[in-house]
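# Examination of the molecular architecture
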Amino acid sequence: MSVIPGAWRRTAAGAGLLAADGTVAPTIFAEMSAAAARTGAINLGQGFPDEDGPAEVLEAARRAIADGANQYPPGRGVPDLLAAISEHQHRFYGLDVDPGTEVIVTAGATEALTATLLALIDGPDDEVVVFEPYYDSYAAAVALAGARLRTVPLRAPDFQPDLEQLAAAVTDRTRIILVNDPHNPTGAVFGREVLVEVVRLAQQHDAVIVTDEVYEHLSFHSPHTPIATLPDAAERTLTISSAGKTFSTTGWKIGWIHGPAALITAVLTVKQYLTYVNGSPFQPAIAVGLRLDDSYFSNAATELARKHQILGQGLRAAGFTVHPPRGGYFTVADATALGGADAAAFCRALPERAGVVAIPLSAFVSPEHREDYAGLVRFAACKRIDVLEEAAARLTRYSA
């Protein structure tokens, strides 16, 4: 007899959290990272940098520890970080955010998203619309909240949604439209017409817009545009971001969410029973980061774009068809010409054959749509340049 409640087992299985035998299903990321460790392959699968963030931010964390910031911080977050988030949103986007009532600090963007879904989903008839491929935690969080996932496909080469398909997916059952921009895993940056249509549909169907903007400062060709800055959008938008990608501190897990006070209160009601609080000495350090000069943020995007260029050149030399990203950590490439029409099998063989780890794009889509992305592979560019150059050389030797 199983000790796991039946409802949980059904939900977890539907979200891909349980294997067929009832054990925890390993993610493709854990599988590929284990392959990297076993084979000595270069891990371009997971999106974490191999260089530390700005010295001022790291030193601020050390100073906070030495000064005794080692116990529970306030439930909403350290006041100085709440203020810094508010200042950041006004400085870069002209948004006025009340740090006392409209912001919460969270354990990364993932907790912010999960708490939001748990707070705002009312029952099994509610639907959450996402662009597909999608970051893998989205489907799991939607399932745990008891809602239905509706997807809108993004197709190569530019990975922009068809607006008619988007309009068809959003109905009166839609509780949340979830927008990840810049987009993981495709590297797309959505055009303004897409954002405007999201707002129109949310108004028409009385849906809440939830945005995942963790790559906001890593848009390569144009400044990031938060949906909350569009006319009539702020009143129904919850904006999520985090420090991990911007400051190369992914292990600190400092994220935040801001929006209308009533919605934020609902999210806080759930969040207090998840982690309660986290990262006491890291919060004042991220406040320092958010107040860095503009040059830090522009240089971060420029440097990452350079890394993508190096990675892309290496992938093309190895025989991949590359879809250059417009933002974020990842480059998507088609491996079909290299015998990778089944990208999942290709990626599982790649560590042994080429000494490089990547992730199949099919890991980011619903099971019934995996064939639509069968030959596509995601590579992380957020590594040192010498690492990217060595990975490119290994792939070129393998293809030859």
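Residues numbered from 1 in each chain as written. Predicted model: local features only at pLDDT ≥ 70, side-chain atom pairs only at ≥ 80, totals over all residues. Heavy atoms only, no water.

### Thoughts on a nonpolar patch on the surface
Nonpolar side chains collect at one region of the surface, where Leu-118, Leu-144 and Leu-274 lie side by side and expose about 220 Å² of accessible area between them. Inspection of the secondary structure puts Leu-118 in helix 5 (residues 108-120). (Patch = residues over 30% accessible without salt bridge, like charges linked within 9 Å, V, L, I, M, F, W, Y side chains within 5 Å. Areas by Shrake-Rupley, 256 points an atom, 1.4 Å probe, with all protein chains shown as cover. Salt bridge = Lys/Arg side-chain N within 4 Å of Asp/Glu carboxyl O. Helix = DSSP H or I, 4+ residues; strand = E, 2+ residues; numbered from the N terminus.)

### Quick notes on the UniProt feature "domain: Aminotransferase class I/classII large" (unreviewed entry) in the chain
UniProt annotation of "domain: Aminotransferase class I/classII large" (unreviewed entry) refers to residues 41-392 when read in the numbering used here. Span residues 41-392 is 38% helix and 16% strand, its end C-alpha atoms 12 Å apart. (UniProt positions renumbered as here; feature names shortened; annotations may be inferred.)

### Points about the confidence of the model for the chain
Residue-level pLDDT values for the chain average 94, and 94% of them are 70 or greater. Here residues 1-5 is a poorly scored stretch, pLDDT under 50, and it has 3 contacts once near neighbours within four places are set aside; other chains count. (pLDDT = per-residue confidence, 0-100. Contact = heavy atoms within 4.5 Å.)

### Things to note about the pattern of salt bridges
Taken as a whole and judged by the stated rule, the model has 18 salt bridges. Residues Asp-50 and Arg-384 are paired through a salt bridge, measuring 3.6 Å at the closest nitrogen-oxygen approach. Here Asp-50, found in the loop between strand 1 (42-43) and helix 3 (55-66), pairs with Arg-384, found in the loop between strand 13 (376-380) and helix 13 (385-399); they are 334 residues apart in sequence, far enough to count as distant. On the basis of relative accessibility, which here comes to 28%, the residue Asp-50 falls in the partly exposed class. Residue classification places Arg-384 among the partly exposed residues on the basis of a relative accessible area of 32%. Among the ionic pairs, Asp-125 bridges to Arg-148, the shortest N-O distance being 3.7 Å. With Asp-125 in the loop between helix 5 and strand 3 (127-132) and Arg-148 in strand 4 (residues 148-153), this residue pair connects regions lying 23 residues apart in the sequence. Judged by relative accessible area, Arg-148 falls into the partly exposed class, the value being 41%. When salt bridges that share partners are traced, they join Asp-50, Arg-384 and Asp-386 into one network. (Buried < 20%, exposed > 50% of the residue type's maximum accessible area, 1.4 Å probe, protein only.)

### Thoughts on the pairing of strand 7 (residues 237-242)
Across the 6 residues of strand 7, 6 count as buried, placing the element largely inside the fold. Of the two faces of strand 7, the one lined by Thr-237, Thr-239 and Ser-241 and the one lined by Leu-238, Ile-240 and Ser-242 are each fully buried. Of the pairings in the sheet, the one linking strand 6 (residues 208-212) to strand 7 comprises 4 bridges and is parallel in character. Note on strand 7: the bridge partner recorded for Val-210 is Leu-238. Where strand 7 lies against strand 8 (residues 255-258), 4 bridges are found, and the strand directions are antiparallel. Opposite Ser-241, over in strand 8, you have Trp-256 as the bridge partner. (Pairing = 2+ DSSP bridges.)

### Describing the sheet that holds strand 6
Read across the sheet, 7 strands follow the order 2-8-7-6-5-3-4 without closing on themselves; strand pairing throughout is mixed. The outermost strands of the open sheet, each flanked by one partner alone, are strand 2 (103-106) and strand 4. Taking each pair of neighbouring strands and ignoring which way they run, the sheet shows an average axis angle of 20 degrees. Pairing of strand 5 (residues 174-180) with strand 6 involves 5 bridges; the strand directions are parallel. Paired with Ile-176 across the two strands is Val-208, which belongs to strand 6. (Axes fitted to C-alpha atoms, helices over the stretch in contact; angles between N-to-C directions.)

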